[in-house]
Amino acid sequence: DYWYNYNALLLQTEIKEKQIEAIANLEWVAQNNPRDEHIHEVLQKAYVSLNNLPEALKIQDQLDSIHGYNEQSAMQRYRLNAMMGKTKQAILEIERYLNVDPENYQFHLFRLQLYEQNPKSYTKLIEAYEAVLRFDRRNMTLLNNLAWNLCIHGGDLTRAEELSRTTIMAEPRNPVFLDTYAWILYHLGEYETAWFYIQRAMDNQTEETTKEIREHYKSIKRKCKK
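Here goes a summary of the coordinates provided. (Residues numbered from 1 in each chain as written. Predicted model: local features only at pLDDT ≥ 70, side-chain atom pairs only at ≥ 80, totals over all residues. Heavy atoms only, no water.)

1. Details of the overall build of the chain
Secondary structure assignment for the chain yields 13 helices and zero strands. Taken over C-alpha atoms, the radius of gyration comes to 25 Å for the chain, far larger than the 17 Å a tight globule of 226 residues would show. Projected onto its principal axes, the C-alpha coordinates of the chain cover approximately 80 × 40 × 25 Å. Carbon and sulfur atoms form 48% of the exposed surface of the chain, whose accessible area is close to 13,100 Å². Taken together, the 28 basic and 32 acidic charged side chains of the chain have centroids lying 8 Å from each other. (Helix = DSSP H or I, 4+ residues; strand = E, 2+ residues; numbered from the N terminus. Rg over C-alpha atoms; globule rule 2.2 N^0.38 Å. Areas by Shrake-Rupley, 256 points an atom, 1.4 Å probe, with all protein chains shown as cover. Lys, Arg positive; Asp, Glu negative; His and termini not counted. Charge placed at Lys NZ, Arg CZ, Asp CG, Glu CD.)

Have a look at this one:
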């Protein structure tokens, strides 16, 4: 009856030997109660607290055998793989659950975040943006980021220009949006119009945006021979 409190206290001591003892105790309790979901959840949390993530992931298999595969299971598998730096597997776990629940906005957002952090596949990144935008078409940051990625990866510049124009109409003083629009126009060969918007970006720049805006400013300026 006291196994939970006793082992929780051992884990909280932050003394390695005591924590190892707690893990051994929890493993014994879990082994003798293979269908007790709560016990396995506690053991999994203990593994995570000691950064033993591979073992924590194994526990998820046991939990799934008890209550089945669901959103919580998918979330845990995604998080553990992401914590271990296994981005590819984390994405696979997200996509596995999206096959079950394709309208889950949160999981679409998780997938987009993973692709943004590791943009190895331009096509997949754009697909992830498009999927999220189906749920949140008024999100100007998403529109801007999609437009930006279409531009820098040689995508559909006409669509990029339309998306970016929407953002500056919504937020005409946003330096990031103005810079994106100017850079898209630059790639479209509309240098004079790009020059107009990059100047607006310069007028509204912040400490965080200064470097990239100034680089674009110089490139556009050279094309306009100012």
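2. Structural notes on the environment of Leu178
Structurally, Leu178 can be placed in helix H11 (residues 175-187). Residue Leu178 is classed as buried on the basis of its relative accessible area, which comes to 2%. Setting aside residues no more than four positions away along its own chain, Leu178 makes contact with Ile168, Pro172, Arg173, Tyr197, Arg200, Ala201 and Asn204. (Buried < 20%, exposed > 50% of the residue type's maximum accessible area, 1.4 Å probe, protein only. Contact = heavy atoms within 4.5 Å.)

3. Describing helix H9 (residues 140-152)
Between its first and last C-alpha, H9 extends 18 Å over 13 residues, near the 18 Å set by a 1.5 Å rise per residue. Buried residues dominate H9, accounting for ten of its 13 residues. Listing the buried residues of H9 in full gives Met140, Leu142, Leu143, Asn144, Leu146, Ala147, Trp148, Asn149, Leu150 and Cys151. Looking at the buried residues of H9, the elements they touch are helix H7 (105-117), helix H8 (122-133), helix H10 (157-170), H11 and helix H13 (210-224). Near the N-terminus of H9, the side chain that reaches the backbone nitrogen of Thr141, with its oxygen 3.1 Å away, is that of Asn139. Following H9 by one or two positions, Gly154 has its phi on the positive side, about 70°. (Expected span 1.5 Å × (residues − 1). Polar contact = N/O pair within 3.5 Å; in protein donor to acceptor, adjacent residues only side chain to side chain.)

4. Observations regarding the nonpolar core
Within the largest apolar cluster, 48 residues are counted, with the highest numbers of intra-cluster contacts made by Tyr78, Ile94, Phe107, Leu112, Leu146, Ile198 and Ile220. What Phe107 contacts, discounting residues up to four positions off in sequence, is Glu71, Ala74, Met75, Ile94, Tyr97 and Leu98. Counting 18 residues, the second-largest nonpolar core is a separate cluster that includes Leu11, Ala30, Val42 and Leu57. (Core = buried A, V, L, I, M, F, W, Y, C linked by side-chain atoms within 4.5 Å.)

5. Here's the deal with the packing of aromatic side chains
Tallied over the entire structure, the rule returns eleven aromatic pairs. Taken together, a centroid distance of 5.9 Å and an interplanar angle of 85° make the contact between Trp3 and Tyr4 edge-to-face. Through a chain of ring-to-ring contacts, three or more aromatic side chains come together here, namely Tyr69, Tyr78, Tyr97, Phe107 and Phe110. Here the basic side chain of Arg96 rests over the ring of Tyr69, its NZ or CZ set 3.8 Å away from the ring centre. One cation-aromatic arrangement involves Arg200 over Phe196; the distance from NZ or CZ to the ring centre is 4.7 Å. (Phe/Tyr/Trp six-rings, centres within 6.5 Å; stacked < 30°, edge-to-face > 60°. Lys NZ or Arg CZ within 6 Å of the ring centre and 35° of its normal.)

Worth remembering: the numbers are spatial, not functional.
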